[in-house]
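If you want the building blocks of each chain, they are given just below.
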Amino acid sequence: MDKLGRPSSDEAPRLEVLGKPLPRIDARERVTGEAVYPADLMRPGMVQAKIKRSPHAHAIIKRIDTTRADALPGVVATVTAADFPELPIGTMIPMGETGYDMWMVAQINMARRKVHWVGQPIAAVAAVDPHVAEAALALIDVEYELLPTVPHLGVAMAPDAPVLHEHVFTKGVEPRPRAPSNVCSRTVISRGDATGALKNATATASVSVAVDTAHQGYLEPQVVLAEVDANGFATVWASTQGQFTTELMVGRMLDLPLSKLKVVPLEIGGGFGGKIAIHGEAVAVRLAQKCRRPVKLVFTREEVLQGGSGPAAGALIDIAVGADTDGKLTAIEGTYRVDAGGLPGMSPSLMMQASAALYQCPHLNLVGYDIVTNKPRTEAYRGPGGIQVAFAMEQAMDALSQKLGVDPLEFRKRNASVTGSTMPIGTPFPAIGLTTILECIGEHACWRDPLPEGRFPRGRGLALGYWRGTSMTSAAHITISGDGRPMITMGAVDISGTRTTMAQVVAEEFGLPLGDVHIQTADSKSAGYSDPAAGSRVARTTTAALVEASADALQQLRVRAALRLQCSPADLVYSSGRFSSRLAAGTSITLAELMQATLTEGAIVGRGTSSNLPLGVEIGAHVCDVEVDTDTGQVTVLRYTAFQDVGLALNPMAVEGQIEGSVVQGLGWALTEGFDYDADGRLRNASLLDYRLPTALDVPTIDAVIIETPVPGVPYGVRGVGEVPIVPVAGAVANAIARATGTRVWQMPMTPERVLNALRGRG
Amino acid sequence: MRMMITCTVNGEERTVLADTRDTLLGFLRERLGFTGTKEGCGNGNCGTCTVLMDGAAVNACLVLAQEASESEIVTIEGIADGDKLHPIQEALVAHGGTQCGFCTPGIVISAKALLDSNPDPSEAEIRHAVAGNLCRCTGYGKIVEAIAAAAAQRR
Amino acid sequence: MQDFEYHRPKSAAAAVEALCSGEARVLAGGTDLIPQLREGRRLARHLVDLKRIPELTAIVALPGGAISIGAAATLTSIAQHPSIAAHYPSIAQSARLVGSLQVQNRASLGGNICNAAPSADAVPPLICHEARATIAGRSGQREMAVGELFRGPGRTLLEADELLTAIILPPPPTRSAARYLRFTPRREMDIAIAGAGVWLSLDTRGSVAAARIVLASVGPTPMRAHAAEAALLGEQPSKALLIEAGRIAAGESQPISDTRGSADYRRELVSVLTKRALSDCCVQLKAEGAIA
Ligand SMILES: Cc1cc2nc3c(=O)[nH]c(=O)nc-3n(C[C@H](O)[C@H](O)[C@H](O)COP(=O)(O)OP(=O)(O)OC[C@H]3O[C@@H](n4cnc5c(N)ncnc54)[C@H](O)[C@@H]3O)c2cc1C
Ligand code: FES
Ligand code: FES
């Protein structure tokens, strides 16, 4: 494959550094414990902050009084919402395709007048040590007027439901409703006549599923260290997926000009979408402004789970599908009710599209609702909404293939989207490798091997997954050091081995070994604006920015080399760190010689930005074998194989790592991870003992099968990688359970109790 | 209350002023600066705080600093021999067994405790040995592979 | 977290003395106590650490085949002890169920008992084996059956100045077998939704001579399923009999619903686990030649 994504031919240069399964360049500091995460940083005079959180899910804050806390020896500052400028609803900052509403960000960081979930912050203290800060929290007096709790979607949608937000009127309904509602928006994606087509279908299948709110489960709790200097300049060391987004958010919340604020992203102990928005960064800065000492704020795990961070949305989803006598899909009908938590979320459009994208179908009617309840405001989690909708859609497709008596793989082959077929929003599909994936599965042992006999029923499930991903913008620059080596500064935070793969890109572009390239993630003052590391965009767009920056730097070097060698730039050939004359054999100069000779003539800075790169849509298909203990409902995953089209694997080991980790996260949500709220909106399982991430004993080794269908018009043809491998997981497991037992489980996670209830025909 | 605590960390005897309520984890991180040991939960549920205490892997968040007085502690900072990584560390690097890295110090310690007592573990034994160490990034496959490779290399 | 004073006595007698300091608590492995103190669920002004008291951490064979386990012995040392693994495998296995290896390297048997959680995994097999607890206090020593120690969730019959010093395992009779099974959604690092410990002894004809069934996580304390035990007595073990015993045990259990499981599910698990544990015992006894 060449760098424009054309299949490799004899003339195209072979890749030397890219495409190789190289270890991460930052692995050694991880295995020795030297890698620095914000919690590891100490500053002289540093104090510790803690947040006071609401014990109620829905209440008016009548009064907050910090007098007693302020008087406690050792307390150096307290803050409440009164310490922040009030931001009107709809104060937007730019971020990606939709922007961010700062009114909501402010609510997530410090509630004003009203609380909408248990754990929402209402005050904070900074003290000389955590024990004093803890004691001070108990001395902050708060008076609440309790309001009725809306604990779940069922209550939220009831006609007489208590309304969370008086300013929310359902968007997307005509005429505009006259009363406020917990339903924030209605989104429709439709073509043809799905209802009619379902009526006329030879076979139909329908499922209704309920998915619990779940958590990204990053192992590093939210943490920030903030310091304000004598000039009022604030530095924030953060665990964030986006230093620029954090900077915009903190700046807006504090009305601080960005010339007075710098965000330094340190190592991040996992984010998966949950560390895009800020959760306390502005609070720490405000405390630091007040006490003029460095302030460290570290969340406990309980805070992370009990309202201190944004989990992933739960949902109620109904799907009906129909096919004709040839086993061709004729209709898909879907209703998606998404639980956004305590503040309005996003339109479910992307997840609705994702659910239907991989099937060619003439009649489509998808209706989605974004709904608020008294739970923490949800945030992104790896292909947000993808696994929830695929849990419903892939079960419906599997059930339909059963009704038709067609093998589930064959059914997918008959109906699979191909390059050029119509996407749910009406535009044609760019190049996709779904057909290749399905062929590949048919030939793979994971599909052909017979299921070995077990003590209990076993089954094999298949499910597809699609994620659109996004591109947004990335910036990077390359300076050339005095010894001729490229030094990369990029705006991308490294959440997935980005430094390694991006150093590989530049090594490839310069024809140098990987070890000759230096790379760093910039703080918010040292590179151009880049959107957060999210939406499977970073590797693709930063590759594009670095290909551009490399070309820019090499062009500047070429001009300089031509001057030194007294020839025309066009007469020079560049290869592996050396410019050579095409005309005079033996006339050449290495980058090291060139820079030594010309360093004082000025810096070489190659610049690159990428925006509006063509999408690198992600497609995967998973095959899963399970055994179901029909006495206890426990599901054991015996074997799991994930097929994915990645365009080009910049680093196959990193790609496998993304896929394997993603699948295991999916298995967690599929089987054991779900938030359990009581009727008062309090999370009953706010610990990692009862919120059960899979351990090494709960999952098999995941096999990742990489398929490469390059994206045209994208350097190296790279696709997004990190999001789609979570999408099919719950569907694949559910289909395997159904094949094993003849029973469909409609609740996710499919805990043993729920599986047993389904097997017994209860609940 | 404040008090002096003496213990041996990575072979060096240390005497430091601490709060009576400090956990061994807080003591190592905040008072001694051994920040390689992480806090993912503070409740014994995640294993990111795993250290060796008198040779046994323990959750430093469930131990009081005072309980460690007169004990020998080994943290992640004490595993490599200067620039020479321990075979478990080498293997985690080579096999892609570390991603965000937050679980990694704990995994290294648990794996060391395993290989010190069982030089030839099966896959099931390896998985059992790290079952108290959650990892959210890798899906465990490459970690298990790395520990098996380290065991093979040490034999 | 409330501030406290830490004591490291060198003998059981010194520990008892320290316990008389007022608002004192025994600290063994701390795997239950430290999180409880941090979250304010228990309070203490004095913590009395037992781990450096040799007599409380030793595991010793007593004359006549019994074994005495020091209350502060770690679950790891119990699981690895050759005589316990050979003669009381259900106890060794239950020690291996608690938390993770890291937890087992700290946690003690005494702590598992004295924390008095209905879900304590090491307790049912102890009761099955009719283990006895020796207790030391200001007014001297006393001894009682482990099964009689519990008053309710988190509450035992121990006085504030008393500590559990050892657990005595009587020698298991021949032609007997024991097994503890629990159910958790994860394979490890999880708390039992329900557990069942059983002990079965057969007469020379292969009929059940004695049976003990102890259930975890389905009542305020670990509880005996007496009616299920009675149903087994004098019978030849058969599949139908074991299923029936499980069904009766489920009926005797008194579970509540919480985030880990509903009462109905717990009852169903009791029935399955009891049956499976009994059937495991039968397999062991068959291997010994005690059943045809
Ligand atoms: C992550 C995790 C997972 C766990 N999983 C399980 C599990 O699967 N199954 C299970 O049963 N438990 C589990 N536990 C609970 C705990 O580990 C066990 O109950 C353990 O055996 C407690 O022993 P300890 O020595 O740590 O007790 P400690 O915490 O030291 O003490 C517990 C209580 O008993 C008292 N006490 C201790 N020893 C004595 C004594 N000799 N005399 C009088 N009082 C005493 C203490 O004062 C305290 O109130 C888990 C804990 C954690 C942190
Ligand atoms: S921090 Fe100690 S186990 Fe999680
Ligand atoms: S590498 Fe991130 S948690 Fe293990």
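Because the structure is a prediction, the values reported are computed rather than measured. (Residues numbered from 1 in each chain as written. Chains lettered and ligands numbered in written order. Predicted model: local features only at pLDDT ≥ 70, side-chain atom pairs only at ≥ 80, totals over all residues. Heavy atoms only, no water.)

Enquirer: What's the story with the overall build of chain A in this structure? I'm lost.
Expert: For chain A, the helix and strand inventory stands at 20 helices and 29 strands. Expected size for 763 residues packed as a compact globule is a radius of gyration near 27 Å; at 27 Å, chain A falls within 12% of this value. Principal-axis analysis of the C-alpha atoms gives chain A an extent of 85 × 75 × 55 Å. Here the contacts in chain A between residues at least 6 apart in sequence split such that 79% fall between residues at least 24 apart. Accessible surface, chain A as shown: approximately 25700 Å² in total, 52% of it carbon and sulfur. Within chain A, one finds 68 positive and 78 negative side-chain charges whose respective centroids are separated by 3 Å. (Helix = DSSP H or I, 4+ residues; strand = E, 2+ residues; numbered from the N terminus. Rg over C-alpha atoms; globule rule 2.2 N^0.38 Å. Contact = heavy atoms within 4.5 Å. Areas by Shrake-Rupley, 256 points an atom, 1.4 Å probe, with all protein chains shown as cover. Lys, Arg positive; Asp, Glu negative; His and termini not counted. Charge placed at Lys NZ, Arg CZ, Asp CG, Glu CD.)

Enquirer: Honestly, the interface of chain A and chain B in this entry has me stumped. Any pointers?
Expert: Quite often, the size of an interface is put as the accessible area lost when its parts meet. Taken together, the contact between chain A and chain B spans 50 residues of the former and 50 residues of the latter. Across the chain A/chain B interface, buried area totals approximately 3900 Å², and carbon plus sulfur atoms make up 57% of it. There are 6 salt bridges connecting chain A and chain B. Notably, a salt bridge pairs E673 of chain A with R136 of chain B, separated by 2.8 Å at the nearest N-O pair. Our count for the chain A to chain B interface comes out at 22 residue pairs in polar contact (both at pLDDT 80 or more). Ranked by residues supplied to the side of chain A that touches chain B, first place goes to helix 18 (residues 652-671) of chain A with 8 residues. Its residues assigned to classes, the side of chain A that touches chain B comprises 23 nonpolar, 16 polar and 11 charged. (Buried area = accessible area lost by both parts, 1.4 Å probe. Salt bridge = Lys/Arg side-chain N within 4 Å of Asp/Glu carboxyl O. Polar contact = N/O pair within 3.5 Å; in protein donor to acceptor, adjacent residues only side chain to side chain. Nonpolar A, V, L, I, M, F, W, Y, C, P; charged D, E, K, R; others polar.)

Enquirer: Quick question: what am I supposed to make of the domain arrangement of chain A here?
Expert: Residues and elements named next belong to chain A. When cut into domains, chain A gives domain 1 (27-35 + 472-610), domain 2 (43-148 + 216-308) and domain 3 (405-469 + 615-759). On a C-alpha basis, the centres of domain 1 and domain 2 stand 38 Å from each other. Between domain 1 and domain 2, the contact holds 21 residues from the first and 21 residues from the second. Both faces combined, the contact of domain 1 with domain 2 buries some 1600 Å², and carbon together with sulfur accounts for 60% of it. Between R30 and E267 there is a salt bridge whose closest N-O contact spans 2.7 Å. Counting the contacts that link domain 1 with domain 2 gives 10 residue pairs in polar contact (both at pLDDT 80 or more). In the side of domain 1 that touches domain 2, the residues fall into 10 nonpolar, 5 polar and 6 charged. (Domains from an automatic or database assignment.)

Enquirer: What is the right way to read the interface of chain C and chain B from this model?
Expert: The interface of chain C with chain B comprises 29 residues on the first partner and 33 residues on the second. Of the charged contacts in the structure, one is a salt bridge between E67 of chain B and K51 of chain C, with a shortest N-O distance of 2.4 Å. Taken together, chain C and chain B are joined by 19 residue pairs in polar contact (both at pLDDT 80 or more). Secondary structure elements with two or more residues in the side of chain C that touches chain B: helix 2 (33-38), strand 3 (46-49) and helix 7 (101-104) of chain C. Class assignment for the residues of the side of chain C that touches chain B results in 11 nonpolar, 7 polar and 11 charged.

Enquirer: Would you mind going over the sheet that holds strand 10 (residues 203-211) of chain A with me for this structure?
Expert: Across a sheet, strands are paired by hydrogen bonds formed along the backbone, either parallel or antiparallel in direction. Residue and element names in this part refer to chain A. With mixed pairing, 6 strands are arranged side by side in an open sheet as 9-17-16-15-10-29. One side of each edge strand has no neighbouring strand; the edge strands of this open sheet are strand 9 (183-191) and strand 29 (747-748). Across 9 bridges, the pairing between strand 10 and strand 15 (residues 314-323) is antiparallel. Bridging from a neighbouring strand, A205 pairs with V321 of strand 15. (Pairing = 2+ DSSP bridges.)

Enquirer: Can you walk me through the domain arrangement of chain B in this structure?
Expert: Residue and element names in this part refer to chain B. Each assigned domain of chain B is listed with its residue range as follows: domain 1 (2-75) and domain 2 (87-154). Taking only C-alpha atoms, the centre of domain 1 and the centre of domain 2 are 22 Å apart. Counting residues at the interface gives 14 residues for domain 1, matched by 11 residues for domain 2. Joining domain 1 to domain 2, the criterion identifies 0 salt bridges. At the boundary of domain 1 with domain 2, the tally comes to 4 residue pairs in polar contact (both at pLDDT 80 or more). Ranked by residues supplied to the side of domain 1 that touches domain 2, first place goes to strand 3 (residues 50-53) with 3 residues. The class makeup of the residues in the side of domain 1 that touches domain 2 is 5 nonpolar, 7 polar and 2 charged.

Enquirer: I tried to follow the site of ligand 1 on my own but got confused; where do I start?
Expert: Residue and element names in this part refer to chain C. With respect to spatial proximity, 35 residues lie near ligand 1, and among them V26, T31, D32, S108 and D121 are the closest. L164 is positioned with one of its backbone polar atoms (N or O) 2.9 Å from a nitrogen atom of ligand 1. One of the backbone nitrogen or oxygen atoms of D190 is found 3.0 Å away from an oxygen atom of ligand 1. Coverage of ligand 1 by the protein chains reaches 96% of its 980 Å² of free accessible surface. Contributions of two or more residues to the shell around ligand 1 are made by strand 2 (24-27), helix 8 (109-114) and strand 10 (163-169). With 4 residues, helix 8 is the single largest residue contributor to the shell around ligand 1. Of the residues contributing to the shell around ligand 1, the split by class is 17 nonpolar, 13 polar and 5 charged. (Near = heavy atom within 4 Å.)

Enquirer: What should I look at first to understand the state of the cysteines in this one?
Expert: Should the sulfur atoms of two cysteines be covalently bonded, the bond is a disulfide. Residue and element names in this part refer to chain C. According to the stated counting rule, one finds 0 disulfides over all chains in the structure shown. With no disulfide of its own, C20 lies closest to C114 among cysteine sulfurs, the gap being 16 Å. Look at C20 and you get partly exposed, because its relative accessible area is 32%. (Disulfide = S-S within 2.5 Å. Buried < 20%, exposed > 50% of the residue type's maximum accessible area, 1.4 Å probe, protein only.)

Enquirer: I tried to follow the nonpolar core on my own but got confused; where do I start?
Expert: What tends to happen in soluble globular proteins is that the nonpolar side chains get buried as a cluster. Residues and elements named next belong to chain A. Counting 196 residues, the largest nonpolar core has V321, I332, I441, Y640, V733 and M750 as the members making the most contacts within it. With 10 residues, the single largest contributor to this core is helix 11 (residues 386-404). Apart from the residues lying within four places of it in its own chain, the contact partners of V321 are L198, A203, T204, A205, L329, A331, I332, M393, A396, M397 and L400. Counting 45 residues, the second largest nonpolar core, distinct from the first, contains A503, L557, L565 and Y716. (Core = buried A, V, L, I, M, F, W, Y, C linked by side-chain atoms within 4.5 Å.)

Enquirer: When you look at the packing of aromatic side chains in this model, what are you seeing that I'm missing?
Expert: Where two aromatic rings form a pair, the distance of their centres and the angle of their planes describe that pair. One pass over the structure, following the stated rule, counts 8 aromatic pairs over all chains. On the numbers, 6.2 Å between centres and 90° between planes, the contact of F183 of chain C with Y265 of chain C is edge-to-face. Of the two residues, F183 of chain C is situated in strand 11 (residues 176-183) and Y265 of chain C in helix 12 (residues 263-287); the sequence distance between them amounts to 82 residues. Through a chain of ring-to-ring contacts, three or more aromatic side chains come together here, namely F675, Y677 and Y691 of chain A. The ring of F169 of chain A carries the charged tip of R176 of chain A above its face, separated from the ring centre by 4.5 Å. (Phe/Tyr/Trp six-rings, centres within 6.5 Å; stacked < 30°, edge-to-face > 60°. Lys NZ or Arg CZ within 6 Å of the ring centre and 35° of its normal.)

Enquirer: Whenever I open this one, the packing of helix 7 (residues 243-254) of chain A against helix 8 (residues 281-291) of chain A confuses me. Can you help?
Expert: Axis angle and axis distance: for two packed helices, these are the angle between their axes and the distance between the axes, and together they describe the pair. Residue and element names in this part refer to chain A. Running from amino to carboxyl end, helix 7 crosses helix 8 at an angle of 50°, the nearest separation of the two axes being 9 Å. In terms of their interaxial angle, helix 7 and helix 8 are classed as oblique. Judged by the twist between their axes, the crossing of helix 7 over helix 8 is right-handed. Residues T246, V250, M253 and L254 of helix 7 touch helix 8, and the partners they reach there are E281, A282, V285, R286 and Q289. Of the residues contributing to the contact of helix 7 with helix 8, the split by class is 5 nonpolar, 2 polar and 2 charged. (Axes fitted to C-alpha atoms, helices over the stretch in contact; angles between N-to-C directions. Parallel < 35°, antiparallel > 145°, perpendicular 65-115°, else oblique. Left-handed = near helix turned anticlockwise from the far one by under 90°.)

Enquirer: Which parts of the structure should I look at to understand the sheet that holds strand 4 (residues 59-61) of chain C?
Expert: Residues and elements named next belong to chain C. Ordered by their spatial adjacency, 5 strands build an open sheet running 4-5-10-6-7, and the pairing between neighbours is antiparallel. Unpaired on one side and paired on the other, strand 4 and strand 7 (140-145) mark the two borders of the sheet. Averaged over neighbouring strand pairs, the angle between their axes works out to 20° when direction is ignored. Contacts from helix 1 (residues 12-19) reach strand 6 (132-137) and strand 10, with the element oriented near 140° to strand 10.

Enquirer: I tried to follow the environment of N735 of chain A on my own but got confused; where do I start?
Expert: All names here are of chain A. Along the chain, N735 turns up in helix 19 (residues 729-741). Classification of N735 as buried rests on a relative accessible area of 0%. It is 40 Å that separates the C-alpha atoms of N735 and V115, two residues lying 620 residues apart in sequence.

Enquirer: What is the right way to look at the environment of T479 of chain A in this model?
Expert: All names here are of chain A. One can find T479 in strand 19 (residues 474-480). Sequence spacing of T479 and N109 is 370 residues, and the spatial spacing of their C-alpha atoms is 38 Å. Among residues more than four places away in sequence, those in contact with T479 are R485, P486, M487, I604 and V605.

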